[in-house]
There are 2 protein chains.
Amino acid sequence: MNTRNAYALRSRQNRAPFGLGNRALSRPEAGVPPHPACATLPEKVCRHALADRNENARLKAREEAVKGRFDAIVPLLKAISALQHSADFVERAQSLARQQLGYALPEEILENAWSNGLDVKSLHSRSVFAALLLSAEEYSAEYRSKNESWQDLHSFFLDCGFHSVDISPCADGRLKGLLPYILRLPATPFIRRKAYAGAMFDVETDVRHWMAVELGRYREGVPNFAEDGTRYLKIAVYHFSSSSPRHEGCAAHGSDDSAAIDAALQRLLEFRQAIENSFCCGAGTDILLIGVDTDTDAIRIHVPDEEGSLSASRCIDNAALYAASLGLGENDARLAVHQAILDAGESRPHEGMRRLIANLLINNLSQIEYVAEYYGGRYHDIGHAERYISVGDGFDEVQMRNVAYYAHLHTLEEGMSDMDIGIKIFRHLMARRGLPVPIAIHFRYDARVPGSRARAVMRTRRIEEAIRSRYADLEAAGLLACHLTVQDLPAGSMIEEIIDEDHAG
Amino acid sequence: MNTRNAYALRSRQNRAPFGLGNRALSRPEAGVPPHPACATLPEKVCRHALADRNENARLKAREEAVKGRFDAIVPLLKAISALQHSADFVERAQSLARQQLGYALPEEILENAWSNGLDVKSLHSRSVFAALLLSAEEYSAEYRSKNESWQDLHSFFLDCGFHSVDISPCADGRLKGLLPYILRLPATPFIRRKAYAGAMFDVETDVRHWMAVELGRYREGVPNFAEDGTRYLKIAVYHFSSSSPRHEGCAAHGSDDSAAIDAALQRLLEFRQAIENSFCCGAGTDILLIGVDTDTDAIRIHVPDEEGSLSASRCIDNAALYAASLGLGENDARLAVHQAILDAGESRPHEGMRRLIANLLINNLSQIEYVAEYYGGRYHDIGHAERYISVGDGFDEVQMRNVAYYAHLHTLEEGMSDMDIGIKIFRHLMARRGLPVPIAIHFRYDARVPGSRARAVMRTRRIEEAIRSRYADLEAAGLLACHLTVQDLPAGSMIEEIIDEDHAG
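What counts and what doesn't
- Counting from 1, residues in each chain are numbered in the order their sequence is written.
- Naming scheme: in the order in which they are written, chains are lettered from A and ligands are numbered from 1.
- The predicted nature of this model means local features are confined to residues of pLDDT at least 70 and side-chain atom pairs, given and counted, to a pLDDT of 80 or more, with totals for whole chains, interfaces and linings taken over all residues.
- Side-chain numbers here rest on the full set of heavy atoms in the structure, without hydrogens or water.
- Note on pairing: DSSP must find at least two bridges between two strands before they are called paired.
- Elements are defined by DSSP. Helices are runs of H or I of four residues or more, strands are runs of E of two residues or more, and each kind is numbered from the N terminus.
- Under this scheme, a helix contributes an axis fitted over its contacting stretch, all axes are lines through C-alpha atoms, and angles between N-to-C directions fall in the 0 to 180 degree range.
- We call two residues contacting when some pair of their heavy atoms lies within 4.5 Å.
- Each angle gets one of four labels, with under 35 degrees taken as roughly parallel, over 145 as roughly antiparallel, 65 to 115 as roughly perpendicular, and the rest as oblique.
- Each crossing gets its hand from how the near helix is turned against the far one by less than a right angle, where anticlockwise is left-handed and clockwise is right-handed.
- Gly is put with the polar residues, along with every residue not named as nonpolar or charged; the nonpolar set is Ala, Val, Leu, Ile, Met, Phe, Trp, Tyr, Cys and Pro, and the charged set is Asp, Glu, Lys and Arg.
- A pair of Phe, Tyr and Trp rings is counted when the ring centres sit within 6.5 Å of each other, with Trp represented by its six-membered ring. The angle between the planes then sorts it: under 30 degrees is stacked, over 60 is edge-to-face, the rest tilted.
- The cut-offs for exposure are 20% and 50% of the maximum accessible area for each residue type, with area from a 1.4 Å probe on protein chains only; residues under the lower value are buried, those over the upper are exposed, and the others partly exposed.
- Charge-over-ring contacts are defined here by two conditions on Lys NZ or Arg CZ: a distance within 6 Å of the ring centre and an angle within 35 degrees of the ring normal.
- Buried area is a sum: the accessible area each of two parts loses on coming together, probed at 1.4 Å, counted once for each and added.
- When a carboxyl oxygen of Asp or Glu lies within 4 Å of a side-chain nitrogen of Lys or Arg, that pair is called a salt bridge.
- Each polar contact in these results corresponds to two N or O atoms within 3.5 Å; when the atoms are within protein, one needs to be able to donate a hydrogen and the other to accept it, and residues that are neighboring in sequence are counted only if both atoms are side-chain atoms.
- Among buried residues, those of type Ala, Val, Leu, Ile, Met, Phe, Trp, Tyr and Cys that are joined through side-chain atoms within 4.5 Å constitute a nonpolar core.
- Only residues with pLDDT of at least 70 in both copies contribute their C-alpha atoms to the least-squares superposition of the copies.
- Every residue carries a pLDDT, the predictor's confidence in it, which falls somewhere between 0 and 100.
- Domain boundaries shown here were taken from an automatic or database domain assignment.

Our next topic: the sheet that holds strand β3 (residues 231–240) of chain B. Residue and element names in this part refer to chain B. Strand order in this open sheet of six strands is β2-β1-β3-β4-β5-β6, and the pairing throughout is mixed. At either end of the open sheet lies a strand with only one pairing partner, and these are β2 (191–193) and β6 (315–317). Between one strand axis and the next, the sheet turns through 20 degrees on average, direction left out of account. Against the sheet, helix α11 (residues 203–220) makes contact with β1 (162–169), β2, β3 and β4 (285–293), and its axis sits at roughly 165 degrees relative to β1, the strand it touches most. The strands touched by helix α15 (residues 351–375) within the sheet are β1, β3, β4, β5 (299–302) and β6, with β4 carrying the most contacts at an inclination of about 20 degrees.

The structure is reproduced here in structure tokens:
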């Protein structure tokens, strides 16, 4: 019996390794049996034939550089705080800062230390924002240098029959690395990513985005002509925790995995229905549901049937697939992936969808190995460890696990519950240690639309004001630090800081 | 010299009667000379050959019915308040209410009067909302009965080369009758009207509406096919007061007419530019600017040149045109209107635009005569006299001068300044007399979009909460009455009341 047949046979007889039944999703917390795949996940470095070890090393270096920049701040500030009464304080502090952070601290704060005491709060939040901007700039430089890679990806998506891909993950900070790490997709103009608490994306907003894309096809043939018969792909991404399913799952759904899946499925159906109802037949959209185990970064893909319908239980567990295909040669491993898709359900999705799913599963094998190699198969920080709150449109440039808590909002009034959760997390992470909560308010504008930049700037200011007024206790205690930026729409555009005289510093 | 030539000659030699130079827009308040046209406006009933006297009579009856319903509330409440200690109070009160208001009052409030005193505040706001719903229902019934009239209008617009018309007037209550009264345009699915303080419409929102319209043309040929070469027409409508230009003009622009005109012109240009920049050439839109003298309802139309450009000074003053063409026969009067358009500037707009402008001017002649006949040529209530605050999408069904102050908003956070102005007006109009400020929060939903109704309901509740929390002093004094309704998108749909247990009554 060759590998492929053994694999197909096993998965037909018993779906457990790849398909998770509903039972598995609602297993009791107490005495949690190991995740079907966890037990088989490698504790030490593995060598999966399809994992890209060079890319893993590059991504690890990037992660260390970015997180290191944030994590160096507190030790550095502690060190210079101890020096603040020394005679050559300013010089010594700047020399330490340049050496350990890579940039100088604001001179006037250091110079005033002798009379007012060192303003550690200001230094901390200014350093957090400096780390953020440096990381973003580093990424932008890289992005600008390799436009070809996303041209390839674009062709791949078109070959699969998709002219546009719109992904709505949960806003949880542990999914912040979804594209570059978990799915290994480069940032490109035709992948749209908007995160919402619980992956509960806004149907009306997304229908408008769909309209803009379709109109572009009719008017300008961008990205392709409307006659081409390709489809718009909408993906929702929920998450769960295999180590602590009842506590470290999706907070927006009370750590109830079934609820998270059902809600995301429902929203996807509503999106497709809205388009079909409003724009008659032929308004072809495909939907796809992906789950992420935030402890291991292994994904589940809910495989559509031949009619494009999804189900909570018809899914492929990539952790199990990794374990089962570990040790196979490259070709056999590929075959195993394709076979798992064919075996996922009685009827099969169209060929382009199958190719896309295979690609995502294979990409994610590298990330499973990344977590295996660098984190022993399971992250240590399975809970919240975000470095700042990202408000508004978010930075496309800094996408990495647990770097930011993200509240996608246009007004605080609408995004209040997301923001309340973020502030609660940061009261614990920062405010109780006497450090201001760093809030990066960021909006994109469209330079082609007159007045758009001015309105984006106004929006950042309006939201800053609303935040300062809603969390008045933190504001009064000097524990809110807001940083305002806007950015033109094209990827890689410069991030422009808005200096507000009233709140500078 | 025949009439036409005399007319053409006069307007070439001296534009004053029809074209208002910038000077006229900024004349000093003290010792205001009469408006060029006011002096010639008839004090008594006039008979302009192009005025539709039957329609005027019908509109006057409608105005009296609607305003009468609101204005009867206070006298009725005063009368029944005087009876509240009589033995058969409830019966006598209900009998009076049915007779004078046309509906019964809430029984439980009347029944509790003997112990708690009559709750006049609740009765007042409940009656205001009852009057509003009755007026809306009356209108809807009429609308449903005469679909043909807007089919004609649709054909007319298409003949003029416009497949869609989007009008943004100022939110001022005195422009609330813009379509049915001032411009004599019936409510139709292809005229979109969204009011904003100072006519400062939201470019991004309007570009999205433009996209939806254009996509409908490409996908479904509705209202016509994209190949047909018609244009999307965007109209902004500002207002001024010829009697008291410095005090009763547009509050959003500090009663400065030149500022109001320049701002509206600028916004129109931004809209057109946004579409041209984002969707390449050929994204044909026409723009038009109209001014309304809120004392007389006479309009000014700023006539585009052959390139579609507008100017603050190149405009036709319809009050002057009315005066000049009064006494002419029907044909000569029509010729005078067309000649005024030809004479407005050196170069002329395209033929369809000229036909549209002629139609609007002629329609407005009826309204000038309406104000002449029923109000002696000038409204008595040149200031604020609104009956309720309309929040959200507003009621298409109740469009009449000074019936409502309108705050078009999606969140209070964004619409705060509009709402603050409205509350300020109603503190004066109602709260200082001990009557609650009636706030009708109304949103449209799209039944074709799953979940849309539930989200609209949630939005009404969110905004109610935000209003009650922002105007806490009024809330504490029991001087805020909110009424929540939603309505499906198609014109004439039922208005559905949202009963909120916490705030009922």
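So, about the packing of helix α11 (residues 203–220) of chain A against helix α12 (residues 257–278) of chain A. All names here are of chain A. Between α11 and α12, the shortest axis-to-axis distance is 10 Å and the interhelical angle comes to 50 degrees. By the angle between their directions, the pair α11 and α12 is classed as oblique. α12 is crossed by α11, and the crossing has right-handed handedness. Between α11 and α12, the residues in contact are V203, D206, V207 and W210 and R267, E270, F271, A274 and I275, respectively. Among the residues forming the contact of α11 with α12, the class breakdown is six nonpolar, no polar and three charged.

Moving on, we come to the packing of aromatic side chains. Applying the stated criterion across every chain yields a total of 21 aromatic pairs over all chains. Centre to centre, the rings of Y218(A) and Y218(B) are 5.2 Å apart; their planes meet at 20 degrees, and the pair counts as stacked. Taken together, the residues Y218(A) in helix α11 and Y218(B) in helix α11 connect one chain to another. By relative accessible area, Y218(A) is classed as partly exposed at 22%. When the centroid spacing of 6.0 Å and the interplanar angle of 35 degrees are considered together, the rings of Y232(B) and F271(B) count as tilted. Of this pair, Y232(B) sits in strand β3 while F271(B) sits in helix α12 (residues 257–278), and the two are 39 residues apart along the sequence. Linked through ring pairs, Y181(A), Y370(A), Y374(A), Y375(A) and Y379(A) together constitute an aromatic cluster. The aromatic ring of F201(A) is capped on one face by K234(A), whose charged end is 4.0 Å from the ring centroid. Above the face of the Y379(B) ring, R401(B) is positioned so that its terminal group lies 3.6 Å from the ring centre.

Counting residues at the interface gives 36 residues for chain A, matched by 36 residues for chain B. The contact between chain A and chain B buries some 3300 Å² in all, and 55% of this surface belongs to carbon and sulfur atoms. Three residues stand out in chain A for area buried against chain B, namely L215(A), R219(A) and E413(A), and they jointly supply 22% of the buried area on that side. For the interface between chain A and chain B, the tally reads eight salt bridges. Its salt-bridge partner being R455(B), residue E270(A) comes within 3.8 Å of it at the nearest N-O pair. Taken together, chain A and chain B are joined by eleven residue pairs in polar contact (both at pLDDT 80 or more). Counting residues per element, the side of chain A that touches chain B draws most heavily on α11(A), at eleven residues.

For the rest of this paragraph, the subject is the sheet that holds strand β10 (residues 480–488) of chain B. All names here are of chain B. Taken in spatial order, the five strands of this open sheet run β8-β7-β9-β10-β11, and their pairing is mixed. Strand pairing shows two members of the sheet lacking a second neighbour, β8 (404–407) and β11 (495–498), which therefore form its edges. Adjacent strand axes in the sheet meet at a mean angle of 30 degrees when their direction is disregarded. Pairing of β10 with β11 involves four bridges; the strand directions are antiparallel. Its bridge partner being in β11, L484 is matched across the sheet by I498. Against the sheet, helix α17 (residues 452–470) contacts β7 (388–392), β9 (437–445), β10 and β11, and its axis sits at roughly 155 degrees relative to β9.

Residues and elements named next belong to chain A. Along helix α13 (residues 318–325), six of the eight residues are buried, which leaves the element largely enclosed by surrounding structure. Between a side-chain oxygen at the N-terminus of α13 and the backbone nitrogen of A319 the separation is 3.0 Å; the capping residue is D317. Residue G327 follows α13 closely and has a positive phi angle near 95 degrees.

Another aspect to go through is the pattern of salt bridges. Residues and elements named next belong to chain A. For the coordinates displayed, the defined rule picks out 68 salt bridges over all chains. Taking the shortest distance from any N to any O, the salt bridge between K60 and E64 comes out at 3.5 Å. On the criterion of helical spacing, the pair formed by K60 and E64 is a turn pair, its members being four residues apart in helix α3 (residues 53–71). Taking the relative accessible area as the measure of exposure, K60 reaches 13% and is therefore buried.

Turning to the nonpolar core, a few remarks are in order. Residues W210(A), L289(A), W210(B) and L289(B) are the most contacted members of the largest nonpolar core, which totals 52 residues. Counting only elements with at least two residues in this core, the list comes to α11, β3 (231–240), α12 and β4 (285–293) of chain A together with α11, β3, α12 and β4 of chain B. Aside from chain neighbours lying at most four places away, what touches L289(B) is A236(B), Y238(B), I261(B), A264(B), L265(B), L268(B), R300(B), I301(B), H302(B) and L310(B).

Of the transformation placing chain A onto chain B, the axial shift is 0.0 Å and the rotation is 180 degrees, giving an RMSD of 0.0 Å. With respect to symmetry, the two chain copies, as superposed, fit the operation of a two-fold axis. Measuring from the rotation axis to each C-alpha of chain A, the shortest distance belongs to L215(A), at 2.8 Å. Most of the interface of chain A is mirrored in chain B, where 100% of its interface residues are also at the interface.

This part covers the pairing of strand β9 (residues 437–445) of chain A. Each regular strand shows side chains that alternate between the opposite faces of the sheet. Residue and element names in this part refer to chain A. Of all the nine residues making up β9, nine are buried; the element is thus mostly covered by neighbouring parts of the structure. For strand β7 (residues 388–392) and β9, the ladder comprises four bridges, and the chain directions are parallel. Residue pairing in the sheet places G392 in a bridge with H442 of β9. The sheet contact formed by β9 and strand β10 (residues 480–488) spans nine bridges and is parallel. Residue pairing in the sheet places A440 in a bridge with H483 of β10.

Now for the confidence of the model for chain A. Residues and elements named next belong to chain A. Per-residue confidence for chain A gives a mean pLDDT of 87; residues scoring 70 or more make up 88%. In this model, residues 1–39 is a region of pLDDT below 50 whose contacts with residues beyond four sequence positions or in other chains number 70 contacts. This complex was scored by the predictor with a pTM of 0.84 and an ipTM of 0.79.

This part covers the pairing of β5(B). Residue and element names in this part refer to chain B. Residue alternation in β5 divides its side chains into two sets, I299 and I301 and R300 and H302, and both sets are buried. As consecutive antiparallel partners, β4 and β5 are separated by five residues, and within that stretch D297 has a phi angle of approximately 65 degrees, a positive value. The pairing of β5 with β6 spans three bridges and is antiparallel. When the sheet's bridge partners are listed, R300 is paired in β6 with D317.

So, on to the domain arrangement of chain A. All names here are of chain A. Split into domains, chain A comes out as domain 1 (3–42 + 150–375) and domain 2 (388–503). With 15 residues of domain 1 at the contact, the number on the domain 2 side is 13 residues. Along the contact surface separating domain 1 from domain 2 lie two salt bridges. The closest approach of N and O atoms between D396 and R193, which form a salt bridge, is 3.8 Å. Here the side of domain 1 that touches domain 2 takes three residues from helix α10 (residues 178–182), the largest share from any one element. Looking at the side of domain 1 that touches domain 2, its residues break down into seven nonpolar, three polar and five charged.

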